[in-house]
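Each chain, written out:
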Amino acid sequence: MILLNDNCKHSFDSQVLTNGPYTMEPGKIRKLDEVVVNRIAAGEIIQRPANALKEMLENSLDAKATSIQVVVKSGGLKLLQIQDNGTGIRRDDLEIVCERFTTSKLQSFEDLSSIDTYGFRGEALASISHVAQLAITTKTRGEKCAYKAAYEDGRLKGAVKPCAGNQGTQITVEDLFYNVPMRKQALKAPNEEYQKILDVVCKYAIHNPQTGFILKKFGENASIRTQPKSTIESNISLVYGPSIAKSLLKIAVHDEVLQLEVDGFVTNVNFSTKKGAFLLFINHRAVQSSNLKKAIDQIYSPYLPKGMSPFVYLSINLNPNNVDVNVHPTKHEVHFLHEEEIVEKIRDSVEHALLGGNESRTFYTQALLPGASEPVDSAKLNETVGDKTLVYKFVRTDHNDQKLEKFFGLNISRNASITESLNESGIEKHSVRSKKQELKQDTKLTSVLKLRKAVEDDCDCDLRNIFSELTFVGVVDRTNSLIQYDTKMFLISTKMLAEELCYQMLLYEFGNLTRMSFTSPLPLMELALLGLQDPESGWTEEDGPMHELADRVVEILSSKAPMMKEYFSICISEDGMLESIPVIINDYIPSMAYLPLYMLRLATEVEWDEEQECFRTFCRETAMFYAKIALGKSEQEYKWEIEHAICPALKQKLLPPKLFARNGSVLQMANLPDLYRVFERC
Ligand code: ADP
Ligand code: MG
């Protein structure tokens, strides 16, 4: 800031007084011309064609229309026409309908608290008539014919003329902003305006399934058409494409204390959109609430690819006394009484829906609930714990098995107490409680956050789309599988993808991984020795005696035991016994034949000294071990795991790195329509 000293100020003043064109006389206060006042006011309400359309859609809905058709030219700047089959407007009211503060919906101030219509201020039509050429054709049920009237600056222009027409109202708005050149210039391209219009129509169509909506550009086919007496769900599918349907989760909240009622739909983590779709209605008005949006985005952000958002539609009903309905029409951002509690309630309910939603449930349990019970049903649990053949299943039989066999009795004991998981209601309570604690527990370590960000920044969105919609076709061999996306067939390298997936899971569930415990802990020393004996270890005599090296391995790993336990659920007891390894992918157990080599490599390949590099290399090594899916398992076993464990996890969670589009991890084999064409020629 520049401060002027007294001298300076004085000379400035005197200069103004003597030389400037100014006088010290105050300006005369005059009342502004009414037309100017109204035009300024109108400009505040109608800032772009979509605002005008929203007002008119609300009028049609207030008039109980079951069918509304919108026709648009040049993004609504040239023509915005809306035709409904509602009550119509009485002939006698046509004289004043476009004057400011004329309304059929509100009579006394007290009515404000019980208002159930969109409009009540009587400002919309008036405003539009101040910035555009406005004409109304309307017919009520009681009248024999329709009437037509034109308006300018809030007043009737010319006479009301009888004409032919069906029941309902048609409002034509032409040359919007013709008399407000500044605003017209400031407006963006017609295409952009059309997008906004489309947005408004879609929102209202979804929220009002009882009414059929049509939107079209003049002379073209409809861009959107919903049927009357449809449902919210089918309108969502219509607007966002049929694939959204299987991801929709229902939201319902009823809270008497807060006088709150919420209905809606959100998508599970399998769906995401670049544009983002947050449709919020409070007492049926389309509004925005950045607090609520933020709270919901936060739930999803760790699980959706960067820059992608879920679809969220929420219709909130509050006691009208608790919302200020008398907000300015352009004020879409709302605040309401008990906002914090209400946001919290809705957030909980969205989280709950995600937890409860089949596939997502497992996903969220793993991602968010470290101490929480896996939703295991008791039958499955008994099978896992009691069945000896399952124990055998975990053992590799063709390589070093005579030495390892005695160690292996795997018992999937999740962190949470099993009794609690067996109790159905216990699961729910436990999940919700731990989830909250857990959200707060998500790692704050910058190193891990940076590694996650690197994964996100490198995500190939096209590949992500393919994976999110993939259908498993079959296992080709021990490293490759076939998947289908849309009409295309892809050969994927199951191993490479599984490795990357495990790496990402380790980063995203850092500190929250479920433990897979060995019924009898395994001596690290033995594992290290076995690892050194494996030709893959590359051990030669020059490296020194094996048992010395094995000692060193045990020493290194033991010294890192607290960190491995806390962050990766790898438990090593004080006497050098390996007690557990993490569950990275549900229903998937790595091939134990490679466990010795894995332990050896943890000691030799991880960069223990630098935090971020340490986590990166640790996760990579671990992922490599877990991704060795094929060896040591029967064909039947690994096929089952690829189809039922790996592929669903790839579909839900993998953020494919860009490299995968180039390095043969994902290869397009065929496009089905092309194949059909080939067959036709044969
Ligand atoms: P408000 O909706 O706040 O009452 P408007 O300026 O939007 O004010 O509309 C003024 C009046 O015109 C409404 O109260 C209603 O009586 C009538 N009106 C407007 N549009 C329609 C319509 N599509 N069908 C029936 N009546 C309408
Ligand atoms: Mg209105």
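Right above here is the structure, for reference.
Not measured: the values here are computed from a predicted model. (Residues numbered from 1 in each chain as written. Chains lettered and ligands numbered in written order. Predicted model: local features only at pLDDT ≥ 70, side-chain atom pairs only at ≥ 80, totals over all residues. Heavy atoms only, no water.)

Student: Explain the overall build of the protein here, please?
Tutor: In terms of regular secondary structure, the protein is built from 25 helices and 21 strands. Counting every position in the protein, which comprises 682 residues, the buried fraction comes to 50%. (Helix = DSSP H or I, 4+ residues; strand = E, 2+ residues; numbered from the N terminus. Buried < 20%, exposed > 50% of the residue type's maximum accessible area, 1.4 Å probe, protein only.)

Student: Got a minute to help me understand the sheet that holds strand E21 (residues 666-671) in this structure?
Tutor: Either a parallel or an antiparallel arrangement is found when strands of a sheet pair, and the pairing is made through backbone hydrogen bonds. What the 4 strands build is an open sheet, ordered E15-E16-E17-E21; its pairing is antiparallel. The sheet is open, and its two borders are formed by strand E15 (471-475) and E21, each paired with just one other strand. Recorded for the sheet is a direction-independent mean angle of 25° between the axes of neighbouring strands. As paired strands, strand E16 (residues 480-485) and strand E17 (residues 488-493) are joined by 6 bridges and run antiparallel to one another. Bridge pairing in E17 places Asn 480 opposite Ser 493. Packing against the sheet, helix H17 (residues 461-468) makes contact with E16, E17 and E21, and its axis sits at approximately 90° to E16. (Pairing = 2+ DSSP bridges. Axes fitted to C-alpha atoms, helices over the stretch in contact; angles between N-to-C directions. Contact = heavy atoms within 4.5 Å.)

Student: I would appreciate a short explanation of helix H18 (residues 494-508) in the present structure.
Tutor: At 3.6 residues per turn, the α-helix brings residues three or four places apart onto the same side. Between the first and last C-alpha of H18 there are 21 Å, a value that for 15 residues agrees with the 21 Å anticipated at 1.5 Å per step. A large share of H18 lies buried, amounting to 13 of its 15 residues. (Expected span 1.5 Å × (residues − 1).)

Student: How do you make sense of the packing of aromatic side chains when you look at a structure like this?
Tutor: Between two aromatic rings, the relevant description is the distance of the centres plus the angle of the planes. Throughout the structure, instances matching the rule amount to 12 aromatic pairs. On the numbers, 5.8 Å between centres and 90° between planes, the contact of Tyr 204 with Phe 281 is edge-to-face. In this pair, Tyr 204 sits in helix H6 (residues 190-207) while Phe 281 sits in strand E11 (residues 277-282), placing the two residues 77 residues apart along the sequence. Like Tyr 204, the residue Phe 281 is buried in the burial classification. Taken together, a centroid distance of 5.2 Å and an interplanar angle of 75° make the contact between Phe 625 and Tyr 626 edge-to-face. For Phe 625, a relative accessible area of 3% gives the class buried. Among the aromatic side chains, those forming a connected cluster through ring pairs are Phe 510, Tyr 567, Phe 568, Trp 608, Phe 615 and Phe 618. (Phe/Tyr/Trp six-rings, centres within 6.5 Å; stacked < 30°, edge-to-face > 60°.)

Student: Would you explain unusual backbone geometry in this entry?
Tutor: Negative phi characterises most residues that are not glycine, and trans characterises most peptide bonds. Its identity as a non-glycine residue notwithstanding, Phe 177 has a phi of 70°, on the positive side. Within the secondary structure layout, Phe 177 lies in the loop between strand E6 (168-174) and helix H5 (181-186). A positive phi angle, close to 55°, is found at Asp 486, a residue other than glycine. Relative to the helices and strands, Asp 486 is located in the loop between E16 and E17.

Student: Could you clarify how one ought to interpret a negative patch on the surface in this entry?
Tutor: Together, Glu 607, Asp 609, Glu 610 and Glu 611 line one region of the surface with negative charge. Relative to the assigned elements, Glu 611 resides in helix H23 (residues 611-627). (Patch = residues over 30% accessible without salt bridge, like charges linked within 9 Å, V, L, I, M, F, W, Y side chains within 5 Å. Areas by Shrake-Rupley, 256 points an atom, 1.4 Å probe, with all protein chains shown as cover. Salt bridge = Lys/Arg side-chain N within 4 Å of Asp/Glu carboxyl O. Lys, Arg positive; Asp, Glu negative; His and termini not counted. Charge placed at Lys NZ, Arg CZ, Asp CG, Glu CD.)

Student: What is the right way to read the sheet that holds strand E12 (residues 285-286) from this model?
Tutor: The sheet built from 5 strands is open, its strands ordered E9-E10-E13-E11-E12 with mixed pairing. Lying at the two open borders of the sheet, with one neighbouring strand each, are strand E9 (248-255) and E12.

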